[in-house]
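Coordinates in review
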Amino acid sequence: MDLTTHWDHIQIECVNTHKALQLVAAEIFRTEELGVSCTLVDKSTFPQAFSNNFLIESAGKINISNLEIRYNYLVRHAASSMLQVWDEFDRFLSVFEQINRLGFQLGYSYEICSSGLRVLNQEYEKDVINRLSEVAIELENKKNSLFWNLPSIVYEILADLKFESKSLANALEHIIKITNNGLVTRQLSQAVESLAATSQVNADILYNEFLGRLDSPVVYLSISVLLGLAKFSLQEAHRRALALARSEQLIYRRVGISCLGYFQYSNDEIHQRLLKVTIDCFEAFRETINPEIDADLAKAYGNLTGKSEKAQRAFMELTSRDNLTIKDQVAQILVLKSNEAFNQSWYREAIFNLTQPSLPSLGMIERLSFCIQQHYVKNEPDTALDMIEAFAANWDYCIADEDKDLPNILYTTLIELYNNHLEILLKGITRWFASSNQRLHLAAWKVQLHFSRIQTQTSPNSEINEESIRKKMEESAKITLSKQVLDNLDEQTVEYIIYRVAGYVVDAYSLDSILLSALSREPSSTNINNLVASILAEYVLYNYPIDGGNFLKYFLSLETTSKLEKEVIQTALTHSNSYFEARENLPRLKELKTPSQRIYPLRLAEWKYQASVMEEARKRSIFSLMVTNIPLKYGRSFSVAQDGKFTEPSKLSTFYYEQEKPQGELIDPVGQAFQRLYWRNIGLNENSHAGDIDL
């Protein structure tokens, strides 16, 4: 935006109006509001300002009508305010802070501040760069993030400023140090690139200054200088980058490699020749493994994958190396290139390579999950499942933090599969339970558990009725074994799946649903049918007679339930009912029954003890000191004490929350645990992966 057009024209042609606009701009700064009081600007004193519609009155406030004119005058006032205190740094810092804050309050972000500095540099020849360096030093010393947008201000005005290279390097160095943020560094890099692209002279000055600071983070801004130089002389920029890449100095080598990977090579003959020289240079580095530059090399190759098949093959080779730094760098490249390259074979192979041990950091896995979810889940869900399986086969299941568990890290991908490609997800769960890799068994269970928790979560204050239970049953019935996979497995493997499901899955609804789905396998097998009936009766209904029984009865009522499923359910229910009826008919041991005369004293003692514990906890708890206690008056309704009075009575409503505890755990916890452990390990031999995980 031209900052002189309106200012100069109005100042010369309309002196009276110019004064009025200056007055309004100053008042806006003082009150920190766009509209100013009508008493401040008298229409009789400044008639032209109102008659020519430079100023308008609305809702008792006066404002500058034209947005560009208002912006010009605010910038000029900001520049004037900073100019007045330029020689007093502490006062300048205070004014700079006010202008910076006001810009955001008025909706101009950092533009008023940056444009004001531009005016000071261009019209008053003030050394703005050196002043910004002083501001950065002050912030660094005080550890103060007051001007967190300082990099944005520099980015906005750097290409327009008259500068001295040493002052500029100092300013950028201090800004990078106080922010220590990748986004900030990218902003400054773009600003330096734009500045270097203005002329060969600027590029040479900046190049020599930055390269001479080996111990400063600004040395890496040499990359931006060469990228700016490449915009009008790629050959010269390439020559310098190549010389740096072949340097004995490690920092120069890293700068050179990065530049060679960033250059935009077109299809013309000269650019293709330069690209060939670049690839040949990289090949020499790749043959000698050097952890200090391998990550830079991977990034450079990744940037060139769309330009060269050799770069793609080299990129693949680097992704297969067991180096977490390289893998983290590759994951970033894959995110950046996801839109343009997700359908290419090298891109898929790179993702699969990253799933091999050692896995990259959790943050990088989340980025890869984004790549999978954005493209493969929508277009190639089977490929997406294969990628998840590759992660699952190498996951560290000993991580205690739930938020670092496999389903949580790959949440967006899994939820997309669940919502839009459920059958594909069920194929994966079935296939994982069928494998001899115990890590995949754990993955299948973790995924099933993840979705069962989402389905069955209920607010503690919500009423649980038949409708809510029915909805839970319907949701639980979605997680089943895949018939398509079961049909292609032998009978022994299907039996292993059934045992493993019983060994891992812990909630009654999911157990019933998954076990019954095994009956859909064709051809039908008597052994499988009997096994399902046996586990339902002797394990599921033994532990969960209420929830498990209700689900089986619900399943019986469905029209889609097959004849075979009904027979198995009836067999399990009959067997279970016989056991519980026989158990109920057993005489109760008098030795275990509390005498009636002692029941009341026992309950009273328990209540007093609980009340005393709660009272003592209330006195000693720091948390209770922060919480306001509100007296309640209750009976058939309740009221809350407010301002010494009680509110109108509100009716009480019944609510409850229940969860069935597995009875087997109370009767024989050791036996139950041993049985589940046996089922989890059934079918695993000494050559399998069963021993990889400490259960």
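Residues numbered from 1 in each chain as written. Predicted model: local features only at pLDDT ≥ 70, side-chain atom pairs only at ≥ 80, totals over all residues. Heavy atoms only, no water.

Brief notes about the environment of R583
Basically, it comes down to this: Helix numbers and strand numbers start at the N terminus; a helix is a DSSP run of H or I with at least 4 residues, a strand a run of E with at least 2. Only protein chains enter the accessibility calculation, which uses a 1.4 Å probe; a residue is then buried when its area is under 20% of its type maximum, exposed when over 50%, and partly exposed in between.
Relative to the helices and strands, R583 resides in helix α33 (residues 563–584). Of the residues examined, R583 reaches a relative accessible area of 27% and is grouped as partly exposed.

Digging into helix α15 (residues 269–287)
Going by this rule: One less than the residue count of a helix, multiplied by 1.5 Å, gives the span that helix is expected to have. Pairs of N or O atoms within 3.5 Å make up the polar contacts considered here, provided that, within protein, one atom can donate a hydrogen while the other can accept it, and that residues adjacent in sequence are counted only when both atoms are side-chain atoms.
If you check α15, its first and last C-alpha atoms are 27 Å apart, about what 19 residues at 1.5 Å a residue would give, namely 27 Å. Taking the backbone nitrogen of I270 as reference, a side-chain oxygen 3.2 Å away marks D268 as the first, capping residue of α15.

Regarding the nonpolar core
Here is the rule: By nonpolar core is meant a set of buried Ala, Val, Leu, Ile, Met, Phe, Trp, Tyr and Cys residues that side-chain atoms within 4.5 Å join together.
Counting 200 residues, the largest nonpolar core has F96, F263 and L334 as its most contacted members. Ranked by residue count, the leading element in this core is helix α31 (residues 526–543), at ten residues.

Some remarks on the side chain of T355
When you line up the elements, T355 lands in the loop between α20 (345–354) and α21 (362–379). For T355, a relative accessible area of 0% corresponds to the buried category. A distance of 2.5 Å separates a polar side-chain atom of T355 from the backbone oxygen of F352.

Examining the side chain of E495
Selection rule: Contacts are assigned to residue pairs with any non-hydrogen atoms lying within 4.5 Å of each other.
Relative to the assigned elements, E495 resides in helix α29 (residues 491–504). Those residues within four positions of E495 in sequence are excluded, and the remaining contacts are N527, I528 and L531.

Focus: the packing of helix α30 (residues 508–517) against helix α32 (residues 547–557)
To keep it simple, the criterion reads: Only C-alpha atoms enter the line fits that serve as axes; for helices the fit covers just the stretch in contact. Angles between N-to-C directions range over 0 to 180 degrees. By definition in this entry, angles of less than 35 degrees are roughly parallel, angles greater than 145 are roughly antiparallel, angles of 65 to 115 are roughly perpendicular, and the rest are oblique. Should the near helix be turned anticlockwise from the far one by less than a right angle, the crossing is termed left-handed; should it be turned clockwise, right-handed. Under the grouping applied here, Gly and all other residues not named as nonpolar or charged are polar, the nonpolar ones being Ala, Val, Leu, Ile, Met, Phe, Trp, Tyr, Cys and Pro and the charged ones Asp, Glu, Lys and Arg.
At their nearest, the axes of α30 and α32 sit 8 Å apart, and the two run at 45° to each other. Regarding the angle of α30 to α32, the classification is oblique. Between α30 and α32 the crossing geometry is right-handed. Facing A508, Y509, D512, S513 and L516 of α30, the residues of α32 in contact are D547, G548, F551, L552 and F555. Residue composition of the contact of α30 with α32, by class: six nonpolar, two polar and two charged.

Here's the deal with the packing of aromatic side chains
The following threshold applies: Between rings of Phe, Tyr and Trp, where Trp is taken as its six-membered ring, a pair exists when centres lie within 6.5 Å; planes separated by under 30 degrees are stacked, by over 60 edge-to-face, and by other angles tilted. Charge-over-ring placement is defined geometrically: NZ (Lys) or CZ (Arg) within 6 Å of the ring centre, and within 35 degrees of the ring normal.
Across all of its chains, the model carries 18 aromatic pairs by this definition. Through a chain of ring-to-ring contacts, three or more aromatic side chains come together here, namely F315, F342, W346, Y347 and Y376. Over the face of the ring belonging to W86 we find R131, whose NZ or CZ atom lies 4.4 Å from the ring centre. Stacked on the ring of Y207, the Lys or Arg R240 has its end atom at 4.9 Å from the ring centre.

Re the layout of surface pockets
To keep it simple, the criterion reads: A 1.4 Å probe that fits but cannot get out identifies a cavity on a 1 Å grid over protein atoms alone, an open set with protein on both sides within 12 Å along at least five of seven lines counts as a pocket, and a residue lines either if it has an atom within 4 Å of a point. Grid points are joined across faces, edges and corners, and a volume is the space filled by probe spheres set on the points.
By volume, the largest pocket is sized at about 1600 Å³. As for the largest pocket, its lining consists of 43 residues, and the residues nearest its centre are R186, S189, I223, Y262 and K299. Counting residues per element, the ones that place at least two in the lining of the largest pocket are α9 (165–179), α10 (182–196), α12 (222–230), α14 (250–262), α16 (291–303), α18 (324–336) and α21. A total of six residues in the lining of the largest pocket trace back to one element, the largest contributor, which is α10. Tallied by class, the residues present in the lining of the largest pocket amount to 17 nonpolar, 15 polar and eleven charged.

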